[in-house]
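# Coordinate inspection notes
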Amino acid sequence: MKKVSILGSTGSIGTQTLDVISHYPERFEVEGLAGGYNIPLLIEQIERFRPRKVSVATKEAAEQLRTAVKSDVQVLHGEEGLHEIAAGTDAELVVTAIVGSQGLKPTLAAIDAGKHIGIANKETLVSAGHLVTELAKRRGVALLPVDSEHSAIFQCLNGESRDRVHKITLTASGGSFRDRTRDELTHVTVEDALKHPNWSMGAKVTIDSATMANKGLEVIEAHWLFGLPYDQIEVLIHPESIIHSFVEFVDYSIIAQLGMPDMRVPIQYALTYPDRMATPSERLRLSDVGKLQFREMDFDRYPCLRMAYESGRTGGSMPTVYNAANEVAVERFLKGEISFLAIEELIAKVMDKHSPVPAPDLSAISEIDRWARQEVRSLH
Ligand SMILES: NC(=O)C1=CN([C@@H]2O[C@H](COP(=O)(O)OP(=O)(O)OC[C@H]3O[C@@H](n4cnc5c(N)ncnc54)[C@H](OP(=O)(O)O)[C@@H]3O)[C@@H](O)[C@H]2O)C=CC1
Ligand SMILES: CC(=O)[C@@H](O)[C@H](O)COP(=O)(O)O
Ligand SMILES: [Mn+2]
């Protein structure tokens, strides 16, 4: 029986993780769940999966939950609650399905407590990849990718060493505006931006897909997960999201991972690794698909991807700034405060103002993250 805790159990990745777990009740036990504000869903999850501990974002939400649940689950809240779900249970695997760099401290706490990580929360690796990977190495903890592209690369590499790799390529759907020109982006709405062509996901990652910041975050995520320099990480537009990513080896053989766009597959692989098990997901039938398309990435069309490469290559605290600026800009776009194109403008302005600090420690990262957020909140 593998004991699992989930940070962000009420979100898109969190609910799909529980769906995977529900298909294998003899294999998995839920130790802890952390959600934010969705109390009705957490009540259902507590009744169905019987965790020992749960946590929610605020004290008020915790009080509401305590009065509603019948079981003797321990109800916690806030940063301390998240820390407890990450590090204070008997879970051997923690799935980080919370959104944003607020996942960093609990992820570090889980690693420090020796838990293996099913890592969906890419912002954590972007903001502090050196801290997360160093600590994981020191504690002998596995960082098992959940993000579909990284799971694909992980599966294609299958333990091959880095020096056998020529390049890895992350595929990108192109997001909700892939068929629009830059001129046509001036007046796009939040509602339009939230219509991802292939995946049903949380709001933040869906907007990131539309700006291509998602692929930028994923390039940095891949750098840390696979220890590859940025010159060996490429991005290719592949509108169907059938090839989830691929590795080109030094003999120019390419190994790709294909499947229907269904996050339960990479989630399940992270949960069962190194085993592979049957899935309720739909089979991919290539004869139904017929043909697959590919387009070269245009960095002028997608400046958020260009800036991500720049921030990754600059290194130090620059990716922290890129990530924090993007998080707040997306938040502001979702609230209707700024236009879609202002997201990239605000990121560029804040990166411009920042003098990167090499190898920042956790306190420097927290401080720089706070600064970048404040900057984006105050800019127009
Ligand atoms: N969705 C997808 O298919 C993919 C997502 N990812 C990555 O996975 C991560 C999660 O994405 P996704 O599932 O789409 O996001 P969602 O927005 O759907 O879910 C976010 C989760 O975080 C919780 N949360 C938010 N704030 C807090 C808080 N202060 N304390 C505790 N919990 C909180 C939410 O709780 P509540 O809803 O209860 O408020 C929810 O459970 C992101 O980093 C994303 O980039 C990666 C690949 C694919
Ligand atoms: C499902 C998943 O992994 C997302 O991160 C996905 O990558 C979004 O799609 P695009 O970024 O390719 O539009
Ligand atoms: Mn992805």
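As recorded by an unreviewed UniProt entry, the protein carries the name 1-deoxy-D-xylulose 5-phosphate reductoisomerase and is attributed to Paenibacillus ehimensis. What UniProt states about the protein under its Sequence similarities (unreviewed entry) heading is, verbatim, "Belongs to the DXR family." Under the UniProt heading Catalytic activity (unreviewed entry), the entry covering the protein gives this text: "2-C-methyl-D-erythritol 4-phosphate + NADP(+) = 1-deoxy-D-xylulose 5-phosphate + NADPH + H(+)".

Taken together, 30 residues surround ligand 1, and among them Gly8, Gly11, Gly36, Met201 and Gly202 come closest. Of all the elements in the fold, those that place two or more residues in the shell around ligand 1 are α1 (12-23), α6 (122-139) and α9 (203-211). Counted by class, the shell around ligand 1 contains 14 nonpolar, twelve polar and four charged residues.

It is worth spelling out the UniProt feature "binding site: 1-deoxy-D-xylulose 5-phosphate" (unreviewed entry) in the protein at this point. Here, UniProt's "binding site: 1-deoxy-D-xylulose 5-phosphate" (unreviewed entry) annotation points to Lys122, Ser148, Glu149, Ser173, His196, Ser209, Asn214, Lys215 and Glu218. Tracing the sequence through the fold places lysine 122 in helix α6. Judged by C-beta crowding, with 30 C-beta atoms within 10 Å, lysine 122 ranks as buried. Dropping the residues within four chain positions of it, lysine 122 is found in contact with Asp147, Leu217, Glu218 and Glu221. Topologically, lysine 215 is positioned in helix α10 (residues 213-226).

Our next topic: the sheet that holds strand β6 (residues 116-119). In spatial order, the strands read β4-β3-β2-β1-β5-β6-β7; together these seven strands make up an open sheet with parallel pairing. Strands at the two margins of the open sheet, each flanked by one partner only, are β4 (74-77) and β7 (143-145). Strand-to-strand, the axes of this sheet are offset by a mean angle of 25 degrees, without reference to chain direction. For strand β1 (residues 2-7) and strand β5 (residues 93-96), the ladder comprises four bridges, and the chain directions are parallel. Bridge pairing in β5 links valine 4 to leucine 93. Sitting on the sheet, α1 touches β1, β2 (28-34) and β5, and the angle it makes with β1 is about 160 degrees. The sheet contacts of helix α5 (residues 104-112) involve β1, β5 and β6, and relative to β6 the element is tilted by about 150 degrees.

As defined by bridge partners, strand β8 (residues 165-172) adjoins strand β10 (residues 243-249) across five bridges and the pair is classed as antiparallel. Among the inter-strand pairings, isoleucine 168 is bridged to a residue of β10, identified as valine 247. The pairing of β10 with strand β11 (residues 254-258) spans five bridges and is classified as antiparallel. Considered in β11, the bridge of isoleucine 243 is made with leucine 258. Taking the residues that link successive antiparallel strands as the turn, the β10-β11 hairpin has four residues, and the phi of tyrosine 252 there is positive, at about 65 degrees.

Taken together, 13 residues are adjacent to ligand 2, and Ser148, Ala172, Ser173, Ser209 and Asn214 come closest. Looking at the shell around ligand 2, the elements that each hand over two or more residues are α7 (148-157), α9 and α10. Here the shell around ligand 2 is composed, by residue class, of four nonpolar, six polar and three charged.

The subject of this paragraph is the nonpolar core. Val4, Leu7, Ala308, Ala325, Ala329 and Ile347 are the most contacted members of the largest nonpolar core, which totals 104 residues. Ranked by residue count, the leading element in this core is helix α14 (residues 318-334), at nine residues. Residues from two domains meet in this core; each of domain 1 (2-141) and domain 2 (315-380) gives at least three. When neighbours within four sequence positions are excluded, isoleucine 347 is seen to be in contact with Cys304, Met307, Tyr322, Ala325, Asn326 and Ala329.

Mapped onto the present numbering, the UniProt feature "domain: 1-deoxy-D-xylulose 5-phosphate reductoisomerase C-terminal" (unreviewed entry) falls on residues 143-226. Regarding residues 143-226, the helix share stands at 44% and the strand share at 13%, and the terminal C-alpha atoms are separated by 10 Å.

Here we take up α7. Most of α7 is tucked away: nine of the ten residues are buried. Of all the positions in α7, only Ser148, Glu149, His150, Ser151, Ala152, Ile153, Phe154, Gln155 and Cys156 are classed as buried. Directly beyond the C-terminal end of α7, a positive phi value near 45 degrees is found at asparagine 158.

In spatial order, the strands read β11-β10-β8-β9-β12; together these five strands make up an open sheet with mixed pairing. Looking at which strands have only one partner, the edges of the open sheet turn out to be β11 and β12 (295-296). Of the pairings in the sheet, the one linking β8 to strand β9 (residues 233-237) comprises five bridges and is parallel in character. From the neighbouring strand, leucine 170 faces β9, where its bridge partner is valine 235. Contacts from α7 reach β8, β10 and β11 within the one sheet, and its direction differs from that of β10 by about 40 degrees.

What counts, and at which threshold
- Residues numbered from 1 in each chain as written.
- Chains lettered and ligands numbered in written order.
- Predicted model: local features only at pLDDT ≥ 70, side-chain atom pairs only at ≥ 80, totals over all residues.
- UniProt positions renumbered as here; feature names shortened; annotations may be inferred.
- Near = placed C-beta within 6 Å.
- Helix = DSSP H or I, 4+ residues; strand = E, 2+ residues; numbered from the N terminus.
- Nonpolar A, V, L, I, M, F, W, Y, C, P; charged D, E, K, R; others polar.
- Buried ≥ 20, exposed ≤ 12 C-beta atoms within 10 Å, placed from the backbone.
- Contact = placed C-beta atoms within 7 Å.
- Pairing = 2+ DSSP bridges.
- Axes fitted to C-alpha atoms, helices over the stretch in contact; angles between N-to-C directions.
- Core = buried A, V, L, I, M, F, W, Y, C linked by C-beta atoms within 7 Å.
- Domains from an automatic or database assignment.

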